[in-house]
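For reference, the chains in residue letters:
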Amino acid sequence: MSGDESGPGIDLDEARRKYRAERDKRLKASKGRGDIALDGPLKRYLNDPFQKPEPREPVADEVEVLCIGAGFAGLLVGASLKQQGFNRVRLVDTAGDVGGVWYWNRYPEAKCDVESLCYMPLLEETGYIPTMRYAAAPEIFAHAQRIARHFGLYDHALFHTTVTDVAWDASLDRWRVQTDRGDNILAQFVVVGIGPMNAVKLPDIPGIESFKGKSFHTSRWDYGFTGGAPDNPDLDKLRDKVVGFIGTGATALQCVAPLGRSAKKLYVFQRTPSTVGVRGNGPINAETVRNLEPGWQKRRQENFTAIWAGQPVDEDLVQDGWTYVCRELHCSTRYQGLSGQALALEKERVDFDLMAEVRKRVDEIVKDKDTAEKLKPYYNYFCKRPGWHDEYLDTFNLPNVELVDTKGEGVERLEEDSVVANGRKYPLDCLIFGTGFVTETTGKLRLGFNVTGRDGVALSEKWKDGMTTLHGLTVSKFPNFFIIPGVNSQAVVTVNVVHMTQEYARHIAHIARSVRDRGMQVFDLKQEAEADWVRTILEKRVDDAAFLEACTPGRNNYEGNVKARPKQNAVYGGGAIEYFAILKRWRDSGELPGLEFSSALSAHDAPIERKASHYRG
Ligand code: NDP
């Protein structure tokens, strides 16, 4: 782009043309390209490098609540249920421990880029103060374990266990849950909390199966091969190795620097550059935090979420890159008195300015002009998930690090010992996929197991033309069943996923407790209540199609296929704070409108006395 890159002098038309050209280049290149199924020999990419699964006998018993997923979703739901007096709560997870993404993502220098005082849940309840403003993965993983211990969630947990089938047994008023370890478990309530990053994604690159060198995905880091450890980013075994890294997303931003420092040679294969803002990590003063008024964490989370939702606040408690950008884009004083097209134009101008700042930073840090040019992102700010790092860009100044920009095409193919990109062959000792996770690009379910409700209704069938829920959490025909909402799932979304999950967990535990308090065993969601919520979602829906259409392909715009998204697979348009208030009002009404209750407690045996015949598959 020529001329002023920011401020009043910006040529908006030229900027738009440039963004559009970048988008079209990527769209053209990715036609027919998607992810690849990880079966056959590619299944090895899913092996757990951290812990060997232990053999065990299949389990056949009954629990009050079974949570599928032992990441922060399962942990927070479990903790809330324990607080509501439920004892037999079982977490089931494919991983070998609790922690979810923090169990798997142990790549060097992995951190959470949301401030730890907001992100790490239940700090006041567990009495823990994080050491750093942006906590490292081992500290977050340890905190997940702390929560599990604190709330007794290890008691009934099953790890290295993948759920294969969930079906409502109307004769018992229980869910029957089966797993790949032969378990056959009855549960009064089932909660699905698999998170948005449970399915490893390898791109559909021709020849991917033929690569014979060492290769792994960032969520299965092989420290045996690279040297170093999750808390030691000196990857000493790579000193004599040529390493290729595919991907330049949020994960790459964190682990490219230690790779660059350690490897003999590092090639970073880029399809689309990321937005890399200033991080500014540093230690937390524990004493200051300890002296805060009780309830400080909730206030801080709500303040962060309100800013994210574009709501004006008296004070920005977090004051970091996220809140700066959200305030600029949503609450700047520049917008006062503007509406309609004038407002939209001003917001677009602010977006261009923010992106120009990002590109200016690249110029300031990266010495080689050609490399700097390639690292500059040309799209609107929230087209892709923004990233923050203070060493990533500088890594490209190292003499052993080379950026291979594929001009939006992605790598061409893999051969036995090399990656081919831009027509050139790059022989490698090791290839690392930083290619992310499968997301809901078409709105289709990616649970990996069947859920069958009343009258044999399958959830995938029920939702084939779009989701139907109340608050994104409960579904009619699926009694005693909860699903933690993912992206575009009739609830809300902020980058602090854990804050939202805490609100969902509180709500779920409240409903489960209310069933019990009514002396009942089962709740069903009325179809009318579900239809009403879908209507609300459609009415409140913010029409973001034009914005997303103009974006470079990515998770946020269904890889450029915006039309694939059913209209009702959307977030609640009033924002997170308004949505949380709706949930609270609903709970406080005491009526739990939309739910009906059945099966009085006395009509059933105590779980412990169930006959063996109940556990037949
Ligand atoms: P992403 O999906 O964000 O990035 C994948 C990368 O792989 C992209 O750069 C993508 O390019 C690239 N890619 C895919 N296919 C090809 C190909 N054929 N050739 C070349 N490049 C290819 O995955 P990440 O693991 O980086 O992040 C996933 C999510 O994890 C994030 O969005 C974030 O939500 C979360 N995360 C959170 C962190 C935190 O601090 N809280 C830290 C790290 C991750 P393209 O952009 O062109 O599609």
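I will try to describe carefully the structure that is included in this document. Sequence order as written defines the numbering, with residues in each chain counted from 1. Thresholds applied to this predicted model are a pLDDT of at least 70 for local features of residues and 80 or more for the giving and counting of side-chain atom pairs; totals over whole chains, interfaces and linings are not thresholded and use all residues. No hydrogens and no water enter the side-chain calculation; it runs on all heavy atoms of the structure.

**Let's talk about the pairing of strand β11 (residues 401–405)**
Counting buried positions along β11 gives four out of five residues, so the element sits mostly inside the fold. Pairing between strands requires that DSSP locate at least two bridges from one strand to the other. Put simply, DSSP H or I for four residues or longer makes a helix, DSSP E for two residues or longer makes a strand, and each gets a number counted from the N terminus. Where strand β8 (residues 265–270) and β11 come together, five bridges link them in parallel fashion. Within β11, the residue paired with Tyr267 across the bridge is Glu402. Only protein chains enter the area calculation, which uses a 1.4 Å probe; residues under 20% of their type maximum are buried, those over 50% are exposed, and those in between are partly exposed.

**Here's the deal with the nonpolar core**
Ranked by internal contacts, the top residues of the largest apolar core, which has 129 residues, are Phe72, Leu75, Tyr119, Trp221, Leu259 and Tyr579. A per-element tally of this core places helix α16 (residues 497–517) first, with nine residues. For this analysis, residues touch if any pair of their heavy atoms sits within 4.5 Å. If we ignore the near neighbours within four places in the chain, the residues touching Tyr119 are Phe72, Trp102, Cys112, Val114, Ile140, Asn496 and Val498. In terms of nonpolar packing, the next biggest core, distinct from the first, is built from 26 residues, Val192, Leu459, Val475 and Phe481 among them. Residues belong to a common nonpolar core when they are buried Ala, Val, Leu, Ile, Met, Phe, Trp, Tyr or Cys residues joined through side-chain atoms within 4.5 Å.

**So, α16**
One fewer than the residue count of a helix, multiplied by 1.5 Å, yields its expected span. Spanning 21 residues, α16 covers 30 Å between terminal C-alpha atoms, matching the ideal 30 Å at 1.5 Å per step. For α16, the tally of buried residues reaches 15 of 21 residues, placing the bulk of the element in the interior. Following α16 by one or two positions, Gly519 adopts a phi angle in the positive range, close to 70°.

**Brief notes about the sheet that holds β11**
With parallel pairing, the five strands of this open sheet are ordered in space as β6-β15-β7-β8-β11. Looking at strand neighbours, the two that pair on one side only are β6 (214–217) and β11, the edges of this open sheet. Across the sheet, the mean angle from the axis of one strand to that of its neighbour is 15°, orientation sign disregarded. An axis is simply a line fitted to the C-alpha atoms; with a helix, the fit covers only the stretch in contact. Between two such axes, the angle follows the N-to-C directions and lies from 0 to 180 degrees. Sitting on the sheet, helix α8 (residues 250–262) is in contact with β7 (242–246), β8, β11 and β15 (430–433), with an inclination near 170° to β7.

**Looking at the state of the cysteines**
When two cysteine sulfur atoms are found within 2.5 Å, that pair is recorded as a disulfide. Under the criterion given, the structure shown has one disulfide. Bridging Cys383 to Cys551, the disulfide has an S-S length of 1.9 Å. Measuring handedness by torsion sign, the sulfur bridge of Cys383 and Cys551 sits at about -75° and is left-handed. With Cys383 in the loop between α13 (369–374) and β10 (387–388) and Cys551 in the loop between α18 (545–549) and α19 (576–588), this residue pair connects regions lying 168 residues apart in the sequence. Residue classification places Cys383 among the buried positions, given a relative accessible area of 1%. Given the relative accessible area of 1%, Cys551 is considered buried. Just so you know, Cys331 is unpaired, no disulfide at all, and the nearest cysteine sulfur is the one on Cys326, 8.3 Å from it.

**Quick notes on the environment of Leu12**
With respect to the helices and strands, Leu12 occurs in helix α1 (residues 12–30). Taking the C-alpha atoms as reference points, Leu12 and Leu345, 333 residues apart in sequence, are found 9.4 Å from one another. Ignoring sequence-local partners within four residues, the contact set of Leu12 consists of Leu345, Arg349 and Phe352.

**Re unusual backbone geometry**
Notably, Glu109 is not glycine yet its phi reads approximately 65°, a positive angle. Positionally, Glu109 belongs in the loop between α3 (101–104) and α4 (116–119). Relative accessible area serves as the criterion here: at 17%, Glu109 is assigned to the buried category. Despite not being glycine, Gln319 shows a phi value in the positive range, around 50°. Positionally, Gln319 belongs in the loop between α10 (296–308) and α11 (321–331). By relative accessible area, which is 56% here, Gln319 ends up exposed.

**Let's talk about the site of the ligand**
Nearness of a residue to a molecule or strand requires only that one of the residue's heavy atoms be within 4 Å of it. Around the ligand, the structure places 26 residues, and the nearest of them are Asp113, Thr248, Thr251, Arg271 and Thr272. Pairing of N or O atoms within 3.5 Å defines a polar contact, subject to two protein rules: one partner must be a possible hydrogen donor and the other a possible acceptor, and residues neighboring in sequence count only if both atoms are side-chain atoms. The contact in question runs from an oxygen atom of the ligand to an N or O atom on the backbone of Gly249, over 3.4 Å. For the ligand, an oxygen atom lies 2.5 Å from a polar atom in the side chain of Thr272. Only the protein chains shown count as cover for residues, and all accessible areas are computed by the Shrake-Rupley method using a 1.4 Å probe. Here the ligand, which alone exposes 920 Å², has 88% of that area covered by the protein. Element by element, the count of residues in the shell around the ligand is highest for α8, at three residues. Looking at side-chain class alone, the shell around the ligand contains nine nonpolar, 10 polar and seven charged residues. Gly is placed with the polar residues, together with every amino acid not listed as nonpolar (Ala, Val, Leu, Ile, Met, Phe, Trp, Tyr, Cys and Pro) or charged (Asp, Glu, Lys and Arg).

**Observations regarding the environment of Glu328**
Within the secondary structure, Glu328 sits in helix α11. Linking Glu328 and Asp316, residues 12 residues apart in sequence, is a C-alpha distance of 12 Å. Ignoring sequence-local partners within four residues, the contact set of Glu328 consists of Tyr335, Val350 and Leu354.

**Details of the pattern of salt bridges**
A pair is scored as a salt bridge if a Lys or Arg side-chain nitrogen falls within 4 Å of a carboxyl oxygen belonging to Asp or Glu. Inspection of the entire model under this criterion finds 49 salt bridges. The partner of Arg327 in a salt bridge is Asp316, with the nearest N and O atoms 2.9 Å apart. With Arg327 in helix α11 and Asp316 in the loop between α10 and α11, this residue pair connects regions lying 11 residues apart in the sequence. Judged by its relative accessible area of 31%, Arg327 falls in the partly exposed class. Among the charged side chains, a network of salt bridges with common partners joins Arg334, Glu346, Arg349 and Asp353.

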